[in-house]
Amino acid sequence: MREKLTKSDVKKIQEEIEHRKLVERKELIEAVKEARSHGDLSENFEYHAAKKEKNRNESRIRYLERMLKTAIIVEDHSSSDEVGLNKTVELYCEDDDEIETYRIVTSVRGSSLNGLISIESPIGKALLGHKVNDRVYIKVNDDYGYYVVIRKIENTQDEENDRIRSY
């Protein structure tokens, strides 16, 4: 699947790749060398753990590089009063009689437990382009959906500490 990324996402991914190549790779190679020096490799837990961590780092580098090669760069073209990328939205959920707050983000940042909703999710897709006081139907599947009312939309600065999700 081609990920939809913002320019900020691309920058953060490039920074992570650079850190993993220049810092973590060197540290992990040293850890493997150190563990190897402890003797018999067949029963050396430290060696196997160090190799596993080194391989995990290399896999993450390949994954991120592949993601960058196939990514689609997206920009938010919504007006200030419309739901769009990197905007925080306050919703009134009619079924639950509750207020929920979400930030609309790209799929690699999505984390519903942290209030970050992907533009690819059912909620994200349904809300894009709507305005305050719009009643929006969120279709979850063919048999179920629910209505929300948009109470507030705020522009959100791109958070520096938002991490690109690991898989």
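These numbers come from a predicted model, not from an experiment. (Residues numbered from 1 in each chain as written. Predicted model: local features only at pLDDT ≥ 70, side-chain atom pairs only at ≥ 80, totals over all residues. Heavy atoms only, no water.)

(A) Region of interest: the overall build of the protein chain. Within the protein chain one finds 3 helices and 7 strands. In sequence order, the secondary structure elements of the protein chain are arranged as β-α-α-β-β-β-β-α-β-β. Taking 167 residues into account, the globule formula puts the C-alpha radius of gyration at 15 Å, and the protein chain, at 21 Å, lies well above it. Over its C-alpha atoms, taken along the principal directions, the protein chain stretches across nearly 70 × 30 × 25 Å. Taking all 167 residues of the protein chain together, the buried fraction comes to 38%. For the protein chain, the accessible surface area stands at approximately 10500 Å², while carbon and sulfur atoms represent 48% of it. The average position of the 30 basic charges and that of the 35 acidic charges among the side chains of the protein chain differ by 7 Å. (Helix = DSSP H or I, 4+ residues; strand = E, 2+ residues; numbered from the N terminus. Rg over C-alpha atoms; globule rule 2.2 N^0.38 Å. Buried < 20%, exposed > 50% of the residue type's maximum accessible area, 1.4 Å probe, protein only. Areas by Shrake-Rupley, 256 points an atom, 1.4 Å probe, with all protein chains shown as cover. Lys, Arg positive; Asp, Glu negative; His and termini not counted. Charge placed at Lys NZ, Arg CZ, Asp CG, Glu CD.)

(B) Representation of the pattern of salt bridges within the structure. Counted according to the given criterion, the structure contains 15 salt bridges. Counted as one network, the salt bridges with shared partners bring together Glu16, Arg20, Glu24 and Arg60. (Salt bridge = Lys/Arg side-chain N within 4 Å of Asp/Glu carboxyl O.)

(C) Seen up close, unusual backbone geometry. Residue aspartate 97 is not a glycine yet carries a positive backbone phi of 55 degrees. If you trace the backbone, aspartate 97 turns up in the loop between β3 (87–93) and β4 (98–105). One non-glycine residue, asparagine 133, adopts positive backbone phi at about 75 degrees. For asparagine 133, the location among the structural elements is in the loop between α3 (122–127) and β6 (135–139).

(D) A look at helix α1 (residues 7–36). In this model α1 runs 42 Å from its N-terminal to its C-terminal C-alpha over 30 residues, within 8% of the 44 Å that 1.5 Å per residue would give. The principal kink in α1, of about 40 degrees, is found at glutamate 24. Within the sequence span of α1, burial applies to Ser8, Asp9, Val10, Lys12, Ile13, Glu16, Ile17, Arg20, Leu28, Val32 and Ala35. Packing partners of the buried residues in α1 comprise β1 (4–5), α2 (45–70) and β2 (72–73). (Expected span 1.5 Å × (residues − 1). Bend = angle between axes of the 7 residues up to and from the residue. Contact = heavy atoms within 4.5 Å.)

(E) Representation of α2 in the model. An ideal rise of 1.5 Å per residue puts 38 Å on 26 residues; α2 measures up with 37 Å between its terminal C-alpha atoms. The secondary structure elements touched by the buried residues of α2 are β1 and α1. Structurally, the start of α2 carries an N-cap: the backbone nitrogen of glutamate 46 is 3.2 Å from a side-chain oxygen of asparagine 44. (Polar contact = N/O pair within 3.5 Å; in protein donor to acceptor, adjacent residues only side chain to side chain.)

(F) The packing of aromatic side chains, seen in detail. Inspection of the entire model under this criterion finds 2 aromatic pairs. Plain terms: the ring middles of tyrosine 137 and tyrosine 147 are 5.0 Å apart, the flat faces sit at 55 degrees to each other, and that makes the pair tilted. With tyrosine 137 in strand β6 and tyrosine 147 in strand β7 (residues 145–155), this residue pair connects regions lying 10 residues apart in the sequence. A relative accessible area of 40% means that tyrosine 137 is categorised as partly exposed. Aromatic side chains tyrosine 144 and tyrosine 146 sit 6.1 Å apart centroid to centroid with 35 degrees between the ring planes, which places their arrangement in the tilted category. Lying across the ring of tyrosine 147, arginine 135 places its NZ or CZ 3.7 Å from the centre. (Phe/Tyr/Trp six-rings, centres within 6.5 Å; stacked < 30°, edge-to-face > 60°. Lys NZ or Arg CZ within 6 Å of the ring centre and 35° of its normal.)

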